[in-house]
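Each chain is listed here by its residues.
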Amino acid sequence: MHRYINPCPLRWADADAYGHVNNALYLRFMKEARTRMFQEVLPANDADRRLNAFVVSRASLDFRAPCTTAKSRSTCMSG
């Protein structure tokens, strides 16, 4: 199983007036991590990249604690 951790700094627009990150943004964080992971892991040429094509058929989130502007954040993906 491949595990990838993507550090992603919190942007000012990601939080509400109370400093909490909106739940809808977590999937965007996952998309950004997935894009960066594939840029780093897959071959550089298009022909070889096509051999590793993928489709995201399901995304699932387990909320453990609120993410606030005071905390650093990273996205961890495995599969």
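Conventions and cut-offs
- Residues numbered from 1 in each chain as written.
- Predicted model: local features only at pLDDT ≥ 70, side-chain atom pairs only at ≥ 80, totals over all residues.
- Heavy atoms only, no water.
- Salt bridge = Lys/Arg side-chain N within 4 Å of Asp/Glu carboxyl O.
- Helix = DSSP H or I, 4+ residues; strand = E, 2+ residues; numbered from the N terminus.
- Buried < 20%, exposed > 50% of the residue type's maximum accessible area, 1.4 Å probe, protein only.
- Polar contact = N/O pair within 3.5 Å; in protein donor to acceptor, adjacent residues only side chain to side chain.
- Patch = residues over 30% accessible without salt bridge, like charges linked within 9 Å, V, L, I, M, F, W, Y side chains within 5 Å.
- Areas by Shrake-Rupley, 256 points an atom, 1.4 Å probe, with all protein chains shown as cover.
- Phe/Tyr/Trp six-rings, centres within 6.5 Å; stacked < 30°, edge-to-face > 60°.

**Q** Would you take a moment to explain the pattern of salt bridges for this structure?
**A** Note on pairing: side chains with opposite charge can pair once their charged atoms come close. Summed over the entire model, instances satisfying the criterion amount to four salt bridges. Among the salt bridges present, the one from Arg11 reaches Glu32, with a minimum N-O distance of 3.1 Å. Here Arg11, found in the loop between β1 (3-7) and α1 (25-41), pairs with Glu32, found in helix α1; they are 21 residues apart in sequence, far enough to count as distant. Its relative accessible area of 35% is what places Arg11 among the partly exposed residues. Within this structure, Arg11, Asp14, Arg28 and Glu32 form a network of salt bridges that share partners.

**Q** Looking at this model, I keep getting lost on the side chain of Asn6. Mind explaining?
**A** Note that Asn6 resides in strand β1. Within the local environment of Asn6, its side chain forms a polar contact with the side chain of Arg36, the two groups lying 3.0 Å apart.

**Q** Which parts of the structure should I look at to understand a nonpolar patch on the surface?
**A** On the surface, Leu27, Leu61 and Phe63 cluster together to form a nonpolar patch covering roughly 260 Å² of accessible area. The class of Leu27 is partly exposed, set by a relative accessible area of 44%.

**Q** What is the right way to look at the packing of aromatic side chains in this model?
**A** The geometry of an aromatic ring pair comes down to the distance between the two centres and the angle between the two planes. One pass over the structure, following the stated rule, counts two aromatic pairs. The interplanar angle of 75 degrees and the centroid separation of 5.9 Å between the aromatic rings of Tyr26 and Phe29 together place this pair among those described as edge-to-face. Taken as a pair, Tyr26 and Phe29 lie in helix α1 at a separation of three residues, close to a single helical turn. With respect to class, Tyr26 is no different from Phe29; both count as buried. Ring centres 5.1 Å apart and planes at 85 degrees place the aromatic pair Tyr26 and Phe63 in the edge-to-face group. Remark: Phe63 occurs in the loop between α2 (46-50) and β2 (74-78) and Tyr26 occurs in helix α1; sequence separation between them is 37 residues. Accessibility expressed as a relative area gives 16% for Tyr26, which makes it buried. A residue is classified by how much of its surface remains accessible, and Phe63, at 47% relative accessible area, is partly exposed. Counting every residue linked through ring pairs, the aromatic cluster contains Tyr26, Phe29 and Phe63.

What is shown is where atoms sit, not what they do.
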